[in-house]
Amino acid sequence: MNSSYGSQNNSISGFQKVVSVPIDDVRPGMVCAQSIEDRLGRHLVNSGAVLNQYVIDRLKVFGILYLDIRFSGPNRTAVPKRSISPEVRETIQRERRPDRPKVRLDRQIKTQIEKGMELIYTDSRPDVLVGVSSKISDDLMNAIGKNDAVALNLVELKTSDEYTFNHSVDVATIAMVIAKNMHYPPEKIREIGVAGILHDVGKSKVPIEILNKPARLTNDEFEVIKKHSQYSFDMIKDVPELSDEIKKGVLEHHEKINGRGYPNGLTEDEIEPYAKILTVADIYDALCTTRPYKKGYTPRESVEMLAAMTDQLDIDVLNVFFSSMVLYPVDSTVRLSNGEEARVVRSNDELITRPVVVGMKSGKVYDLSSTDYLNLVIAS
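Keep in mind that what you see is a predicted model, and the values were worked out from it rather than measured. (Residues numbered from 1 in each chain as written. Predicted model: local features only at pLDDT ≥ 70, side-chain atom pairs only at ≥ 80, totals over all residues. Heavy atoms only, no water.)

Peer 1: Looking at this structure, how should I read the pairing of strand β10 (residues 356-359)?
Peer 2: The side chains of a regular strand alternate between the sheet's two faces. Neither face of β10 is left uncovered, since the one carrying Val356 and Val358 and the one carrying Val357 and Gly359 both have all their residues buried. Sheet topology note: the strand β9 (residues 341-346)/β10 ladder contains four bridges and is antiparallel. Considered in β10, the bridge of arginine 343 is made with valine 358. Here three bridges tie β10 to strand β11 (residues 365-367), and the two strands are oriented antiparallel to one another. Residue pairing for β11: valine 356 is matched across the bridge by aspartate 367. (Buried < 20%, exposed > 50% of the residue type's maximum accessible area, 1.4 Å probe, protein only. Helix = DSSP H or I, 4+ residues; strand = E, 2+ residues; numbered from the N terminus. Pairing = 2+ DSSP bridges.)

Right, dumping it as structure tokens:
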């Protein structure tokens, strides 16, 4: 199976037209004409992939509004009425600037990480925790270094416990990218990756009926869940191969600079710097994730919620995180508050909620960071 959704078709011929199709009008068998990423930067579909219903449904879940569909052959009646004119397409190509390099995991690495995460959560021997977490962190370091990545594009993993495993890898990757952009040396970035992989391993000690409860937790149940960071620390505290920074990062990843976190109610200067990075990564990924008892927030909503937590989170880490995220990937389609659909052609590192877009009907270029468009926002 391809590492992204859908399968690659290299034998398409008789190309006639590329049409931007509303996701509700996309049908199985259509051919995607663009590479698709979600707003977290995850790679979803290759250009040239033949779509099936599962892929289409998943794209809807990820909030994809439009797809560029490649139509070929003599059947012109299959082309929907909505399309991008050649003039608008030319404007899009002229204004388009590729996103910054992102972390990419190939199929082989993804499979290795999947098996490693399963092992960590089923075998808590110290040598297993150290060996596997170090190997995964090395794999992520190699992926980051391969194209000098400074942003995220984590391929979704398929595991028996998708949330727990994916969340740990997401947190590790986000934290490593933050650390890189904070100019941490390579060994420290690698250590933060290990801490991210291990930060929730203590959840293996939490009763499964609480961990996977398909409803909001009671206060007593939440108190049990809160013990997981202490459990994680207890599992690694006597392991000499792991640094004190890793151990403290794991223990303190739910501490807040205002002293209202757990398990020890530490304040800003008392919290391990690794933990300050892990906390931002952990909260963001948890906010975005759909669980049985809650629907995940959109990446934009999650970013806005984090921006309102400056009394709880380290402001320097937050700022670097915001500048590291590609909230609206180039080539994604958005709806503006004026009602027009637009194609993202350029990200804005300083104001990630306000990229440069091109109206898909008007062909107008909107630099949403400009004072000319202060009253215009991305609605969805």
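Next, the rest of the story.
Peer 1: How should unusual backbone geometry be read in this particular structure?
Peer 2: With glycine set apart, most residues show a phi of negative sign, and most peptide bonds adopt trans. Note that the residue after tyrosine 262, namely proline 263, is joined by a cis bond; omega there is 15°. Backbone geometry at histidine 183 places phi at a positive 65°, although glycine is not the residue there. Looking at where histidine 183 falls in the secondary structure, it is placed in the loop between α5 (162-181) and α6 (186-198). Of note in the backbone geometry, aspartate 331 takes a positive phi value of approximately 90° without being a glycine. Structurally, the position occupied by aspartate 331 is in the loop between α13 (315-324) and β8 (333-335).

Peer 1: Mind showing me how you'd approach the nonpolar core here?
Peer 2: The nonpolar side chains of soluble globular proteins are, as a tendency, buried together. With 68 residues, the main nonpolar core has Ile120, Leu306, Phe321 and Leu336 as its most contacted residues. Not counting the four nearest positions on each side in its chain, leucine 336 is found in contact with Ala342, Val357, Tyr366, Leu368, Leu376, Val377, Ile378 and Ala379. Counting 18 residues, the second-largest nonpolar core is a separate cluster that includes Cys32, Ile36, Leu44 and Leu67. (Core = buried A, V, L, I, M, F, W, Y, C linked by side-chain atoms within 4.5 Å. Contact = heavy atoms within 4.5 Å.)

Peer 1: Looking at this model, I keep getting lost on the pattern of salt bridges. Mind explaining?
Peer 2: A side chain with one charge can pair with a side chain of the opposite charge if their charged atoms come near. One pass over the structure, following the stated rule, counts 18 salt bridges. Aspartate 123 is paired through a salt bridge with arginine 125; the nearest N and O atoms lie 2.7 Å apart. On the basis of relative accessible area, arginine 125 is assigned to the partly exposed category, the value being 48%. Lysine 203 is the partner of aspartate 200 in a salt bridge, and the nearest nitrogen-oxygen pair spans 3.3 Å. (Salt bridge = Lys/Arg side-chain N within 4 Å of Asp/Glu carboxyl O.)

Peer 1: Would you explain the side chain of serine 324 in this entry?
Peer 2: Inspection of the secondary structure puts serine 324 in helix α13. Looking at serine 324, its side chain comes within polar contact range of the main-chain oxygen of valine 320, at 2.7 Å. (Polar contact = N/O pair within 3.5 Å; in protein donor to acceptor, adjacent residues only side chain to side chain.)

Peer 1: What exactly am I supposed to notice about the packing of aromatic side chains here?
Peer 2: Two measures describe an aromatic ring pair: the distance that separates the ring centres and the angle between the ring planes. Within this structure, the stated rule accounts for four aromatic pairs. Seen in terms of ring centroids, tyrosine 366 and tyrosine 373 are 5.3 Å apart; in terms of plane orientation they differ by 75°. Their pairing is edge-to-face. Owing to a relative accessible area of 6%, tyrosine 366 belongs among the buried residues under this scheme. On the accessibility criterion, tyrosine 373 (16% relative accessible area) is buried. (Phe/Tyr/Trp six-rings, centres within 6.5 Å; stacked < 30°, edge-to-face > 60°.)

Peer 1: I keep staring at empty space enclosed by the protein and nothing clicks. Help me out?
Peer 2: Empty space among the atoms can be located by rolling a probe the size of a water molecule over them. Across all of its chains, the model carries four cavities of 30 Å³ or more by this definition. Reported here for the second largest cavity is a volume of approximately 50 Å³. In terms of lining, the second largest cavity is formed by Glu255, Lys256, Ile257, Ile271, Ala275, Lys276, Thr279, Gln312, Leu313 and Asp314. Its residues assigned to classes, the lining of the second largest cavity comprises four nonpolar, two polar and four charged. (1 Å grid on protein atoms, 1.4 Å probe; cavity = no way out; pocket = protein on both sides within 12 Å on 5 of 7 lines; lining within 4 Å. Points joined across faces, edges and corners; volume = space filled by probe spheres on them. Nonpolar A, V, L, I, M, F, W, Y, C, P; charged D, E, K, R; others polar.)

These figures capture arrangement, not role.
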